[in-house]
Amino acid sequence: MNVISVENLSFKYRRASDYALKNVTFNVERGEFLGIIGPSGSGKSTLCLALNGIIPNSIKGEFTGRVVVRDSEGREFDTRKTPVSQLSPLVGLVLQNPDSQLFNMTVEEEVAFGLENLALDPNEIGRRVRWALEISGLWGLENEFPPNLSGGEKQRLAIAAVFAMRPQVLVLDEPTSQLDPLGREEVLGLLSLLRREYGITIVLVEHHTDYILRHADRVLVMDAGRVIFEGTPAEVAEETELLKSLGVKIPASLEISYELRKRGKLKKLLITPEELLSELRSSGG
Ligand SMILES: Nc1ncnc2c1ncn2[C@@H]1O[C@H](COP(=O)(O)OP(=O)(O)OP(=O)(O)O)[C@@H](O)[C@H]1O
Ligand SMILES: [Mg+2]
């Protein structure tokens, strides 16, 4: 079943000369991990904002087509007719910059904040706060002042605060782009854990395509406001030349294996350096 349906969605920001999204259609299936890649300005962030109704409810512009979100009972919510406060517990959004998302005095309050808005009872809030902080590896830091955390911790806190609401979908817009390699590992590790342990539906926009090509079920490639390709990671890897022409950063192992295969020196495309090395060894290269 689809958790989100995007149907012929076009959006133009106020005062912008061109549409940021042009006739975009796709579904997010319950339980899947959907990756979104594409060059800067292709509309990835705009699309994320449209998935939880910030566009068109808070950020206005010319909006045509529709986005429908379904809850666990199959009830449908058209984002144009549903307030963001009702959509955001269903479609949790995590942004690029962790500092822009944290505004409470302690780590614990940060997670409790969204839950209080759901009008849960205080015991349930306490249980969920602890649960979300344990999952994200932040239990023990619950009394810290969020600005004092490391980048990776802040972003894991932002994810915990969203995940604690038990959304149908977690949408993450380049959540690691402002982090150092360690913070990046921590955040991607947490996403892998949420997939493995809870089977949560994830929509992830990432500049570093290696994680998406290794872990996503399906990938959308965007360019100039359109979805120009949709497929499995293996199918997207076959589009190496397209990705390069768009300026999308691809893993070096993919680029090397693509070239070697073209020259008949390798049989398949490989995403990780480990896979590439082991294939080269076994093929006597
Ligand atoms: N608030 C805004 N007002 C007007 N135009 C905007 C606004 N935000 C984005 N745009 C424009 O909409 C288009 C899509 O931008 P968007 O931020 O969605 O792209 P993106 O794929 O997320 O890019 P990046 O990889 O750099 O984050 C761009 O042309 C951008 O300039
Ligand atoms: Mg963006």
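Residues numbered from 1 in each chain as written. Chains lettered and ligands numbered in written order. Predicted model: local features only at pLDDT ≥ 70, side-chain atom pairs only at ≥ 80, totals over all residues. Heavy atoms only, no water.

Colleague: Quick question: what am I supposed to make of the sheet that holds strand β3 (residues 33-37) here?
Modeller: Backbone hydrogen bonds are what pair the strands of a sheet, in a parallel or an antiparallel way. If you walk across this open sheet you meet the six strands as β6-β7-β8-β3-β9-β10, and the pairing is mixed. The open sheet has two edge strands with one neighbour each: β6 (91-94) and β10 (226-231). Across the sheet, the mean angle separating the axes of adjacent strands is 20° when strand polarity is ignored. Looking at chain direction, β6 and strand β7 (residues 169-173) are connected through four bridges and run parallel. Pairing of V91 across the sheet is with V169, part of β7. Where helix α6 (residues 151-163) meets the sheet, its contacts fall on β6 and β7, and the angle it forms with β6 comes to roughly 170°. Sheet strands in contact with helix α7 (residues 181-198) are β3, β7 and β8 (201-205), and its direction is about 155° off that of β8. (Pairing = 2+ DSSP bridges. Helix = DSSP H or I, 4+ residues; strand = E, 2+ residues; numbered from the N terminus. Axes fitted to C-alpha atoms, helices over the stretch in contact; angles between N-to-C directions. Contact = heavy atoms within 4.5 Å.)

Colleague: Please clarify how the sheet that holds strand β1 (residues 2-13) should be interpreted in this entry.
Modeller: Strand order in the open sheet formed by four strands is β2-β1-β4-β5, with antiparallel pairing between adjacent strands. Across the chains shown, the open sheet's two edge strands, defined by having one partner strand only, are β2 (21-29) and β5 (76-78). Adjacent strand axes in the sheet meet at a mean angle of 10° when their direction is disregarded. Sheet topology note: the strand β4 (residues 61-70)/β5 ladder contains three bridges and is antiparallel. Across the sheet, V68 pairs through a bridge with D78, a residue of β5. Sheet strands touched by helix α1 (residues 44-51): β1, β2 and β4. Its angle to β1, the strand with the most contacts, is close to 125°.

Colleague: Where do I start with the site of ligand 1 in this structure?
Modeller: In the neighbourhood of ligand 1, the contacting residues comprise Y13, A20, P39, S40, G41, S42, G43, K44, S45, T46, E174 and H207. In this structure, an oxygen atom belonging to ligand 1 sits 2.7 Å away from a side-chain N or O atom of K44. Here ligand 1 loses 59% of its free accessible area of 640 Å² to cover by the protein chains. For the shell around ligand 1, the element with the highest residue contribution is α1, accounting for three residues. (Near = heavy atom within 4 Å. Polar contact = N/O pair within 3.5 Å; in protein donor to acceptor, adjacent residues only side chain to side chain. Areas by Shrake-Rupley, 256 points an atom, 1.4 Å probe, with all protein chains shown as cover.)

Colleague: Hey, could you run me through the side chain of S5 in this one?
Modeller: Take S5: it is sitting in strand β1. Setting aside residues up to four positions removed in sequence, S5 forms contacts with F26, N27, R66, V67, V68 and R70.

Colleague: For this particular structure, what's the right way to read the pairing of β3?
Modeller: Along any regular strand the residues' side chains alternate between the sheet's two faces. Along β3, five of the five residues are buried, which leaves the element largely enclosed by surrounding structure. Burial along β3 is two-sided: F33, G35 and I37 facing one way and L34 and I36 facing the other are all buried. Here β3 pairs with β8 via four bridges, running parallel. Bridging from a neighbouring strand, F33 pairs with I202 of β8. Two elements, β3 and strand β9 (residues 218-223), share four bridges in a ladder whose sense is parallel. Bridge assignment links I36 to a residue of β9, and that residue is L220. (Buried < 20%, exposed > 50% of the residue type's maximum accessible area, 1.4 Å probe, protein only.)

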